[in-house]
Amino acid sequence: MSNLGRLNSILLVDDDEASNFLHSIFINKLDLDVEINSALNGQEALDFILGKGQNELELPCMVMLDLRMPIMDGWQFMKSYEELVPKKLKEQITIVLVTISDNQEDKDKAVTNEFIADFSQKPLSDETFKELIQKHFSLATI
């Protein structure tokens, strides 16, 4: 599901803090006026989204979701997201699955999930972020 509106915030969901830090740098290089938050697992991300849903201005427009994480992995997050996040909030969030794996089963599963807008392989770069943002947010000028 793509937002096709203004990109106000990005939630980076990855148990690797170094990846979250590096991805923040890449996003900042694009010189966007965007809030960047991070979560170390799917449960933290779900709590963040459900908490921010009370104040829509802070709701992440884009979620960069890693698949392999402890506590709650990407697929467990997606199951809980589908069940617990109100439709009104889902309509405002673009989810991009991010993984180091080139597992075709993961790609196939991502393509068939109505809430996953895209699939990207690590390592990401500023160019990857630029392409994803331009693809899913029509008002984003980079």
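Structure: above.
Read on for an overview of the structure. (Residues numbered from 1 in each chain as written. Predicted model: local features only at pLDDT ≥ 70, side-chain atom pairs only at ≥ 80, totals over all residues. Heavy atoms only, no water.)

## As for empty space enclosed by the protein
Where empty space is left in the structure can be found by rolling a water-sized probe over the atoms. Counted according to the given criterion, the structure contains one cavity of 30 Å³ or more. In this structure, the largest cavity encloses a volume near 50 Å³. Forming the boundary of the largest cavity are Leu-12, Val-13, Asp-14, Asn-20, His-23, Met-64, Leu-65, Asp-66, Val-98, Lys-122 and Leu-124. Looking at the lining of the largest cavity, the elements with two or more residues in it are β1 (9-13), α1 (17-29) and β3 (62-66). With three residues, the single largest contributor to the lining of the largest cavity is β3. (1 Å grid on protein atoms, 1.4 Å probe; cavity = no way out; pocket = protein on both sides within 12 Å on 5 of 7 lines; lining within 4 Å. Points joined across faces, edges and corners; volume = space filled by probe spheres on them. Helix = DSSP H or I, 4+ residues; strand = E, 2+ residues; numbered from the N terminus.)

## Overview of the sheet that holds strand β2 (residues 35-39)
If you trace the five strands from one edge of the open sheet to the other, you get β2-β1-β3-β4-β5, paired in parallel fashion. Looking at the sheet topology across the chains shown, the edges are occupied by β2 and β5 (116-121). The sheet shows a mean angle of 20° between the axes of neighbouring strands, taken without regard to direction. Helix-sheet contacts for α1 involve β1 and β2, and the interaxial angle to β1 is about 155°. In the packing of helix α2 (residues 42-52) onto the sheet, the strands contacted are β1, β2 and β3, and the crossing angle to β1 comes to about 155°. (Pairing = 2+ DSSP bridges. Axes fitted to C-alpha atoms, helices over the stretch in contact; angles between N-to-C directions. Contact = heavy atoms within 4.5 Å.)

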